[in-house]
Amino acid sequence: MFSDFDAQTRQMLTGNLLMIGCCAFYLAWWLIAFKPEGAVKGIRSGWLLIPALIFGVAAVMQIAQGRDILTIPSRIFMEAKSCRHQKQRCR
C-alpha cells in the first residue's frame, strides 16, 4: 500500500505516526496524573513523559527531513563556502 511512496512522503508518514505515539504517551500521562480520585504523583507517572519526549522529537525530525527543512541551512552554508573558494561574487 505504501510501497509507491517516495522517500520524502515516507518520512512525513513516519513522522505523523511518531507524533501519534507521542500524543498517546502524553494522554496516558495526563490521565494518570490528573484523574479526580487517586491521582499518581511524581516520578510514578512522570516516566511516561520520557517516551512522549522521544517520540515527539523523533516526529519533528522526520517531518522536517520529509519537508527538506533540515537541508536548507547546509545548502546556504555550502553556497557561501563555494563562493569564497572560487573568489566570485555571491548573490
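As the structure is a prediction and not an experimental result, all values here were calculated from the model.

Tracing the sequence through the fold places Ile63 in helix α3 (residues 49-66). What makes Ile63 partly exposed here is its relative accessible area of 23%. Separated by 55 residues in sequence, Ile63 and Gln8 place their C-alpha atoms 8.7 Å apart. When near neighbours in sequence (up to four residues on either side) are disregarded, Ile63 contacts Gln11, Met12, Gly15 and Asn16.

To continue, consider the packing of aromatic side chains. For the coordinates displayed, the defined rule picks out 4 aromatic pairs. Between the aromatic rings of Phe25 and Phe55, the centroid separation amounts to 5.4 Å while the plane-to-plane angle is 50°, which identifies the pairing as tilted. Taken together, the residues span a long stretch of sequence, with Phe25 in helix α1 (residues 7-33) and Phe55 in helix α3 at a distance of 30 residues. We classify Phe25 as partly exposed; its relative accessible area is 26%. Ring geometry for Tyr26 against Trp29: centres 5.4 Å apart, planes inclined by 40°, an arrangement best described as tilted. In this pair, Tyr26 and Trp29 are both assigned in helix α1, 3 residues apart and thus about one turn of the helix distant. Site record: aromatic cluster; members linked through ring pairs are Tyr26, Trp29, Trp30 and Phe34.

All right, on to the packing of α1 against α3 then. Packing of α1 against α3 leaves a shortest axis separation of 7 Å and a crossing angle of 160°. Considering the angle they form, α1 stands roughly antiparallel to α3. For the element pair α1 and α3, the recorded crossing hand is left-handed. Looking at the contact of α1 with α3 residue by residue, the classes come out as 15 nonpolar, 10 polar and no charged.

Rules of the game
- Residues numbered from 1 in each chain as written.
- Predicted model: local features only at pLDDT ≥ 70, side-chain atom pairs only at ≥ 80, totals over all residues.
- Heavy atoms only, no water.
- Helix = DSSP H or I, 4+ residues; strand = E, 2+ residues; numbered from the N terminus.
- Buried < 20%, exposed > 50% of the residue type's maximum accessible area, 1.4 Å probe, protein only.
- Contact = heavy atoms within 4.5 Å.
- Phe/Tyr/Trp six-rings, centres within 6.5 Å; stacked < 30°, edge-to-face > 60°.
- Axes fitted to C-alpha atoms, helices over the stretch in contact; angles between N-to-C directions.
- Parallel < 35°, antiparallel > 145°, perpendicular 65-115°, else oblique.
- Left-handed = near helix turned anticlockwise from the far one by under 90°.
- Nonpolar A, V, L, I, M, F, W, Y, C, P; charged D, E, K, R; others polar.

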